[in-house]
Amino acid sequence: MLFSQLEMPSQARCQFRPIFTPSTVYMKIFVSGRIIDCAFTLTFDDKYDQLLKAVKDATNTGIKEAGIDVRLCDIGEAIQEVMESYEVELDGKTYQGILLLN
């Protein structure tokens, strides 16, 4: 069955990207008034492996730092330090890991 033939809710949107760009899959389910969510990133090109490793290492550092009586700014500083310690080379250019602020 083609995607154009699928019946989709009016709020749903599909975006198609080239297969070699990193893509994040986010799922959210409501069960009996509770929210269950999950997100993960897929890439089919080895050049993004160092970037995914940096993000995974920063996430694991944040989990290790979390605990009772730990300030969020301390956890954020630890994550930032790990993320900025990585460098990623994409298409011949080297990028230092930086955090984006919302």
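Whatever comes next refers back to the structure up there.
If you're wondering where the values come from, they're calculated on a predicted model, not measured in any experiment.

Draft legend 1. Representation of the pairing of strand S3 (residues 87–90). In S3, alternate side chains face the same way, and those of Val88 and Leu90 are buried while those of Glu87 and Glu89 on the opposite face are not. Bridge analysis of S3 against strand S4 (residues 93–96) gives 4 bridges, and the strand direction is antiparallel. When the bridges of S4 are listed, Glu89 appears paired with Thr94.

Draft legend 2. Looking closely at the nonpolar core. Grouped together as the largest cluster of nonpolar side chains are 5 residues: Ala54, Ala58, Val82, Met83 and Tyr86. Of all the secondary-structure elements, those providing two or more residues to this core are helix H1 (49–65) and helix H2 (72–84). Setting aside its immediate chain neighbours within four residues, Val82 contacts Asp57, Ala58 and Thr61.

Draft legend 3. Region of interest: unusual backbone geometry. For Ser32, which is not a glycine, the phi torsion comes out positive at approximately 50 degrees. Topologically, Ser32 is positioned in the loop between strand S1 (23–31) and strand S2 (34–42). We classify Ser32 as exposed; its relative accessible area is 68%. Here the phi dihedral of Asp69 falls at roughly 60 degrees; this positive angle occurs in a residue that is not glycine. Residue position: Asp69 is located in the loop between H1 and H2. Exposure remark for Asp69: the relative accessible area of 78% places this residue in the exposed category.

Here is what the cut-offs are and how they apply
- Residues numbered from 1 in each chain as written.
- Predicted model: local features only at pLDDT ≥ 70, side-chain atom pairs only at ≥ 80, totals over all residues.
- Heavy atoms only, no water.
- Buried < 20%, exposed > 50% of the residue type's maximum accessible area, 1.4 Å probe, protein only.
- Helix = DSSP H or I, 4+ residues; strand = E, 2+ residues; numbered from the N terminus.
- Pairing = 2+ DSSP bridges.
- Core = buried A, V, L, I, M, F, W, Y, C linked by side-chain atoms within 4.5 Å.
- Contact = heavy atoms within 4.5 Å.

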